[in-house]
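Observations on the model geometry
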Number of protein chains: 2
Amino acid sequence: MRIAELSRRTGVTSASIKHYVREGLLPAGERIGYNQTAYDESHAGRLHLIRALLDTGGLSVSATRAVLAAIDDERLPVGRVLATAQDAVSRTDADPSPGALARVRSVAADRGWTVSDDNPGVRQCAEVLDRFADIDRDDLGGMLERYADPVLDIARGDLRAVADDRGDRDRMAETVAVGTALGDAMLAGLRRMAQEHVARTAGPGTDDER
Amino acid sequence: MRIAELSRRTGVTSASIKHYVREGLLPAGERIGYNQTAYDESHAGRLHLIRALLDTGGLSVSATRAVLAAIDDERLPVGRVLATAQDAVSRTDADPSPGALARVRSVAADRGWTVSDDNPGVRQCAEVLDRFADIDRDDLGGMLERYADPVLDIARGDLRAVADDRGDRDRMAETVAVGTALGDAMLAGLRRMAQEHVARTAGPGTDDER
């Protein structure tokens, strides 16, 4: 199909399609004549995946490239795809304080969690604790302990979803990558909904009006 | 204090401080002479809050401005601050399909959640469902039902943290705004950690190596 048809089918503009090819996210189409390029079903599928990671998952172009490369590399174990996806969805420029890092690690250790030193979630949580300290609101840091047990439930479900695809490496890799990137958005969206429900039913104070 | 001292104290560059003043996030300092401006403690506190929302919470400049204005407006009920913060941390340009919206609303209705039609979480979750459908992975949408109950636990804790500040409108407003924006980052970070733990302890398949 021509680029106009690919654009119509996927809802991605022709300019964005060309941009993704230049950025190495999408394989180039086949040149079939002067100024004409043919695309096939694989391009449509890949564009949908790019849009999911980039627009809905909020990944950067370079993070999307890294995740797609991890999915495509069939020799890469699924555990490495998970680590790549986790790095891609995390801020990497944070430099948390030793005290905050120690507190996050102790929350994991207290619960018997096996978490490596370079897990990007440790630094992300520690950075949040540092920001609470900056605004003299250390009391808000209690969410770290409060969230830990419900989040373990969530992670168990995430990994069961991966196990459902056992035996199909490519499908597992996609589940891990897409689930990591879009699961955050789903979690945040549901939290908005649940917060409104609890605020409305908990009595006066936070449910004044919407 | 001079801008250099304010920069040193908060870790925010002088260029960024001037940018935040121009963007209306930070009140201007007091002109005390030719090319000299004095800042006080209130500027340092506000800069820490801006950095928390903008850098760690990942809010845009305009979303940060809206949240700060909601915190500052003492006539605004805390419930409206919550709605403002929720809108600020959500994508507003999504246009989910009617089918996905209906499924998200039914997950809330099945659990007796009271959620208004304009809750931004509904559209965010529906957008994720649409992306799963695009890549022919409707099976991944099961995370919507899986996440709902743990997330309700999380939201209950969030609202209890707000209730702890009862009687102090400004502190409640800050708790709601900062908790909404930075709670997502904490949740995502903990999910990274818990996923690694579950992958490592669940046996072969996803724990190959890290």
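What you see is a predicted model; the values in this text were computed from it and never measured. (Residues numbered from 1 in each chain as written. Chains lettered and ligands numbered in written order. Predicted model: local features only at pLDDT ≥ 70, side-chain atom pairs only at ≥ 80, totals over all residues. Heavy atoms only, no water.)

**A short note on the relation of the copies chain A and chain B**
- For the pair chain A and chain B, the superposition axis carries a translation of 0.0 Å, the fit reaches an RMSD of 0.0 Å, and the rotation angle comes to 180°. Each copy turns onto its partner about a two-fold axis. When each C-alpha of chain A is compared by its distance to the rotation axis, Pro150 of chain A comes out closest, at 2.5 Å.
- An overlap of 99% is found between the interface residues of chain A and their copies at the interface of chain B, pointing to a shared contact surface. (Least-squares fit on C-alpha atoms with pLDDT ≥ 70 in both. Contact = heavy atoms within 4.5 Å.)

**Digging into the domain arrangement of chain A**
Residues and elements named next belong to chain A.
- For chain A, the assigned domains read domain 1 (3–56) and domain 2 (67–201).
- On a C-alpha basis, the centroid separation for the pair domain 1 and domain 2 is 31 Å.
- Counting the surface lost from both domain 1 and domain 2, the interface buries some 660 Å², and carbon and sulfur atoms represent 78% of this.
- Of all residues in domain 1, Arg46, Leu49 and Leu53 bury the most surface against domain 2, accounting for 68% of the area lost on that side.
- Inspection of the region where domain 1 meets domain 2 yields one salt bridge.
- A salt bridge links Arg46 to Asp72; its shortest N-O distance comes to 2.6 Å.
- At the surface where domain 1 touches domain 2, the tally comes to one residue pair in polar contact (both at pLDDT 80 or more). (Domains from an automatic or database assignment. Buried area = accessible area lost by both parts, 1.4 Å probe. Salt bridge = Lys/Arg side-chain N within 4 Å of Asp/Glu carboxyl O. Polar contact = N/O pair within 3.5 Å; in protein donor to acceptor, adjacent residues only side chain to side chain.)

**Details of the environment of Ala108 of chain A**
- Counting through the fold element by element, Ala108 of chain A comes out in helix H6 (residues 98–110).
- Between the alpha carbons of Ala108 of chain A and Ala148 of chain A there is a distance of 8.2 Å; along the sequence they are 40 residues apart.
- When residues no more than four places from it in sequence are discounted, the contact partners of Ala108 of chain A are Trp113 and Val115 of chain A together with Met193 of chain B. (Helix = DSSP H or I, 4+ residues; strand = E, 2+ residues; numbered from the N terminus.)

**Digging into H6 of chain A**
- The end-to-end C-alpha distance of H6 of chain A, which contains 13 residues, comes to 18 Å, matching closely the 18 Å that a straight helix rising 1.5 Å per residue would cover.
- Turning to H6 of chain A, its buried residues number three or more, namely Ala100, Leu101, Val104, Val107 and Ala108 of chain A. Along the axis of H6 of chain A, the buried positions cluster into a sector of 120°, meaning they face one direction only. Set apart from the buried face of H6 of chain A by more than 90 degrees, the exposed residues are Pro98, Gly99, Ala109 and Asp110 of chain A.
- Those residues of H6 of chain A that are buried are in contact with helix H7 (120–134) and helix H8 (143–163) of chain A together with helix H9 (169–201) of chain B.
- Of the residues trailing H6 of chain A, Gly112 of chain A is marked for its positive phi of about 75°. (Expected span 1.5 Å × (residues − 1). Buried < 20%, exposed > 50% of the residue type's maximum accessible area, 1.4 Å probe, protein only. Arc of directions from axis to C-beta.)

**A short note on the pattern of salt bridges**
- Within this structure, the stated rule accounts for 42 salt bridges over all chains.
- Here Glu196 of chain A and Arg200 of chain A are joined by a salt bridge, their closest N and O atoms 2.6 Å apart. In this pair, Glu196 of chain A and Arg200 of chain A both sit in helix H9 (residues 169–201), four residues apart, roughly one turn of the helix.
- Taking relative accessible area as the criterion, Glu196 of chain A reaches 3% and is therefore assigned buried.
- Look at Arg200 of chain A and you get partly exposed, because its relative accessible area is 37%.
- Here Asp149 of chain B ties to Arg111 of chain B by a salt bridge, and the two come within 3.5 Å at their closest N and O atoms. In this pair, Asp149 of chain B is assigned in helix H8 (residues 143–163) and Arg111 of chain B in the loop between helix H6 (98–110) and helix H7 (120–134), connecting sequence segments 38 residues apart.
- In this structure Asp149 of chain B comes out as partly exposed when scored by relative accessible area, which is 46%.
- Several salt bridges converge on common partners, so that one network encompasses Arg146, Arg191 and Arg192 of chain A together with Asp158 and Asp184 of chain B.

**Quick notes on the pairing of strand E1 (residues 30–33) of chain B**
Residue and element names in this part refer to chain B.
- Of the strand pairs in this sheet, E1 and strand E2 (residues 36–38) are connected by three bridges, and their pairing is antiparallel. Of the residues in E2, the one forming a bridge with Gly33 is Gln36.
- In this antiparallel pair of consecutive strands, E1 and E2, the connection spans two residues, and Asn35 shows a positive phi of 60°. (Pairing = 2+ DSSP bridges.)

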